[in-house]
Amino acid sequence: MATDTVTLKIKRGEAGGASRWEEFKVARKPMMNVISCLMEIQKHPTTADGRGTTPVNWEASCLEEVCGACTMVINGRARQACSALVKELSPNGETITLEPLTKFPRERDLVVDRQRMFDALRTVKAWIEIDGSHQLGAGPKVAQEDQEVMYPLSRCMTCGCCVEACPNYNDRSDFMGPQVISLVRLYNMHPSGRMQAGGRLDALMGVGGISECGKAQNCVQVCPKGIPLTESISVMGRETIKRALFGWLLKA
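Numbering of residues begins from 1 in every chain and follows the order in which that chain's sequence is written. Totals for whole chains, interfaces and linings use every residue, but because this is a predicted model, local features are given only for residues with pLDDT of at least 70 and side-chain atom pairs only at 80 or more, for both listing and counting. Hydrogens are left out, water is left out, and the side-chain values use all remaining heavy atoms of the structure.

## A short note on the sheet that holds strand E5 (residues 96-99)
Two strands make a pair as long as DSSP finds a minimum of two bridges between them. Secondary structure is summarised from DSSP: a helix means a run of H or I of at least four residues, a strand means a run of E of at least two, and numbering begins at the N terminus for each. Taken in spatial order, the five strands line up as E2-E1-E5-E3-E4 in an open sheet, and their pairing is mixed. At either end of the open sheet lies a strand with only one pairing partner, and these are strand E2 (20-27) and strand E4 (77-80). Across the sheet, the axes of successive neighbouring strands diverge by a mean angle of 35 degrees, strand direction being ignored. Both strand E1 (residues 5-12) and E5 contribute to a ladder of three bridges, which runs parallel. Its bridge partner being in E5, Ile 10 is matched across the sheet by Leu 98. Across the face of the sheet, helix H1 (residues 34-43) comes into contact with E1, E2, strand E3 (71-74) and E5 while running at roughly 80 degrees to E1. Think of each axis as a best-fit line through the C-alpha atoms, taken over the contacting stretch in the case of a helix, with angles from 0 to 180 degrees between the N-to-C directions. Two residues form a contact once any of their heavy atoms are found within 4.5 Å.

Structure, rendered in structure tokens:
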């Protein structure tokens, strides 16, 4: 049976320092999420055994599972704190554990530096290049069947769930991650983005690219947006093979 309070066990620590666990109890409220709990702890930073402590550090922005900023490991699974409801995590008073993502350098408590993901997007030029030197007009039309493929891919928010679950993404590997491969597929399908498709494929064939994916398929299991990441990996695998075999014809 659910209790009147929620117990949270939070892994805390400074950048480069040792970790420690602290437990907190907050009053249970209807439709409470993990962010609500952290806000209560921020207002009254006192541990479950009555010790005063510093407020827990965490990140959040949109509070509607769009920005990806509040991603953390909740009860052993990477997900967004804003959409993690207490009634589902602790229906009968179970302790909720919160930990920072493990694949990125910790800055403090639940805050990590996810810059590596954004650097990877820069490597593959995950954007549509428009220099503004000409009238754009209405823009190119995209076929309905392409839109149906592209829309799920466009939902990626670079939250980090997929790379947290990926065994090939770690500090000993240069692997860029499944989300990068999927976004290359998205931008290469766009009529304007197709003009830089070759360069993106070349980047995927380079260091940290698609060849370093071990096909564990963990990524698609944890993606909060249901993006078909393994399908994108398969599609882009074929595209990079074609590029390797016949790309010289295009460069001639």
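## Describing unusual backbone geometry
A positive phi is found at Met 31, a non-glycine position, where the angle reads about 60 degrees. Secondary-structure assignment places Met 31 in the loop between E2 and H1. Any residue under 20% of the maximum accessible area for its type is buried, any over 50% is exposed, and the rest in between are partly exposed; the area is computed with a 1.4 Å probe on protein chains only. Judged by relative accessible area, which is 56%, Met 31 ranks as exposed. The phi dihedral of Asn 75 is positive, around 50 degrees, even though this residue is not glycine. Relative to the helices and strands, Asn 75 resides in the loop between E3 and E4.

## Describing the layout of surface pockets
As defined here, a cavity is a set of points on a 1 Å grid over the protein atoms alone where a 1.4 Å probe fits but cannot get out. A pocket is an open set with protein on both sides within 12 Å along at least five of seven lines, and residues line them when an atom is within 4 Å of a point. Grid points are joined across faces, edges and corners, and a volume is the space filled by probe spheres set on the points. The computed volume of the largest pocket comes to approximately 190 Å³. Elements with a minimum of two residues in the lining of the largest pocket: helix H6 (178-189), helix H7 (197-204) and helix H9 (229-251). In the scheme used here, Gly and all other residues not listed as nonpolar or charged are polar, with Ala, Val, Leu, Ile, Met, Phe, Trp, Tyr, Cys and Pro taken as nonpolar and Asp, Glu, Lys and Arg as charged. Tallied by class, the residues present in the lining of the largest pocket amount to five nonpolar, one polar and three charged.

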